[in-house]
Amino acid sequence: MANTPSAKKAARKIEARTEVNKSRRSRVRTFLRKFEDAVASGDQAAAALAFKAVEPEVMRAASKGVFHKNTASRKVSRLSSRLKGMTA
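Conventions used here
Residues numbered from 1 in each chain as written. Predicted model: local features only at pLDDT ≥ 70, side-chain atom pairs only at ≥ 80, totals over all residues. Heavy atoms only, no water. Helix = DSSP H or I, 4+ residues; strand = E, 2+ residues; numbered from the N terminus. Rg over C-alpha atoms; globule rule 2.2 N^0.38 Å. Buried < 20%, exposed > 50% of the residue type's maximum accessible area, 1.4 Å probe, protein only. Contact = heavy atoms within 4.5 Å. Areas by Shrake-Rupley, 256 points an atom, 1.4 Å probe, with all protein chains shown as cover. Lys, Arg positive; Asp, Glu negative; His and termini not counted. Charge placed at Lys NZ, Arg CZ, Asp CG, Glu CD. Patch = residues over 30% accessible without salt bridge, like charges linked within 9 Å, V, L, I, M, F, W, Y side chains within 5 Å. Salt bridge = Lys/Arg side-chain N within 4 Å of Asp/Glu carboxyl O. Phe/Tyr/Trp six-rings, centres within 6.5 Å; stacked < 30°, edge-to-face > 60°. Lys NZ or Arg CZ within 6 Å of the ring centre and 35° of its normal. Core = buried A, V, L, I, M, F, W, Y, C linked by side-chain atoms within 4.5 Å. Axes fitted to C-alpha atoms, helices over the stretch in contact; angles between N-to-C directions. Parallel < 35°, antiparallel > 145°, perpendicular 65-115°, else oblique. Left-handed = near helix turned anticlockwise from the far one by under 90°. Nonpolar A, V, L, I, M, F, W, Y, C, P; charged D, E, K, R; others polar.

A.B. asks: I keep staring at the overall build of the protein chain and nothing clicks. Help me out?
C.D. replies: Scanning the protein chain from N- to C-terminus turns up 3 helices and 0 strands. Its helices and strands in sequence order give the protein chain the pattern α-α-α, from N to C terminus. Relative to its length of 88 residues, the protein chain is extended, with a C-alpha radius of gyration of 17 Å against a globular reference of 12 Å. Based on the C-alpha atoms only, the size of the protein chain along its principal axes is roughly 60 × 20 × 15 Å. Taken across its 88 residues, the protein chain has 24% of its residues classed as buried. Taking the intrachain contacts of the protein chain between residues at least 6 apart in sequence as the baseline, contacts between residues at least 24 apart amount to 54%. On the protein chain, roughly 6,300 Å² of surface is accessible, and the fraction owed to carbon and sulfur atoms is 53%. Charged side chains in the protein chain number 21 positive and 7 negative. The centres of these two groups are separated by 9 Å.

A.B. asks: Please explain a positive patch on the surface as it appears in this structure.
C.D. replies: A surface patch of like charges, here positive, comprises K9, R12, K13, R17 and K64. Within the secondary structure layout, K9 lies in helix α1 (residues 5-41). When its relative accessible area of 47% is taken as the criterion, K9 is described as partly exposed.

A.B. asks: Before we go on, may I ask you to explain the packing of aromatic side chains in this structure?
C.D. replies: How two aromatic rings sit relative to each other is given by the distance of their centres and the angle of their planes. Scanning the entire structure with this criterion turns up 1 aromatic pair. Residue placement shows K34 over the ring face of F31; its charged tip is 5.4 Å from the ring centre. Against the face of F67 rests K75, its NZ or CZ located 5.4 Å from the ring centre.

A.B. asks: Any chance you could explain the nonpolar core here in plain terms?
C.D. replies: Across soluble globular proteins, nonpolar side chains show a tendency to be buried alongside one another. F35, F51, V54, V58 and F67 are the most contacted members of the largest nonpolar core, which has 19 residues in total. Mapped by element, the contributors of at least two residues to this core are α1, α2 (44-63) and α3 (69-87). If you tally residues by element for this core, the top one is α2, at 7 residues. Non-local contacts of V58, meaning those with residues more than four positions away in its chain, are made with V28, F67, A72, K75 and V76.

A.B. asks: Can you walk me through the packing of α1 against α3 in this structure?
C.D. replies: Think of two packed helices as two axes; the pair is described by the angle between the axes and how far apart they sit. Relative to each other, α1 and α3 sit at 20 degrees, their axes nearing to 11 Å. Looking at the two axes, α1 sits roughly parallel to α3. In this structure, the crossing between α1 and α3 has a hand that is left-handed. Only L79, R82, L83 and M86 of α3 make contact with α1, whose side of the interface consists of L32, F35, E36, A38 and V39. Counted by class, the contact of α1 with α3 contains 7 nonpolar, no polar and 2 charged residues.

Here is the structure:
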């Protein structure tokens with residue numbers, strides 16, 4: 001357990017930040033799941049709509065520090081290629 005006042009405050013801040021990050025990560029996963037379901041159903045219009053929703057959500061998570069920027073870009077790129085693969 002933290003002993004100094006600054007360490008105690010840091011522990012409180014980490015706990016609060018963890019809650020926020022957990023919430024953001026969960027939100028991104030929900031959007032990803034919606035995209036996966038749309039792709040699995042084979043509905044191209046729904047998948048395109050889901051992609052338009054998931055892309056800014058993933059990039060927002062990256063800007064907030066939940067994901068690394070390159071990780072977010074990689075995820076978006078792979079989702080985009082899956083969407084493109086549906087048209088072919």
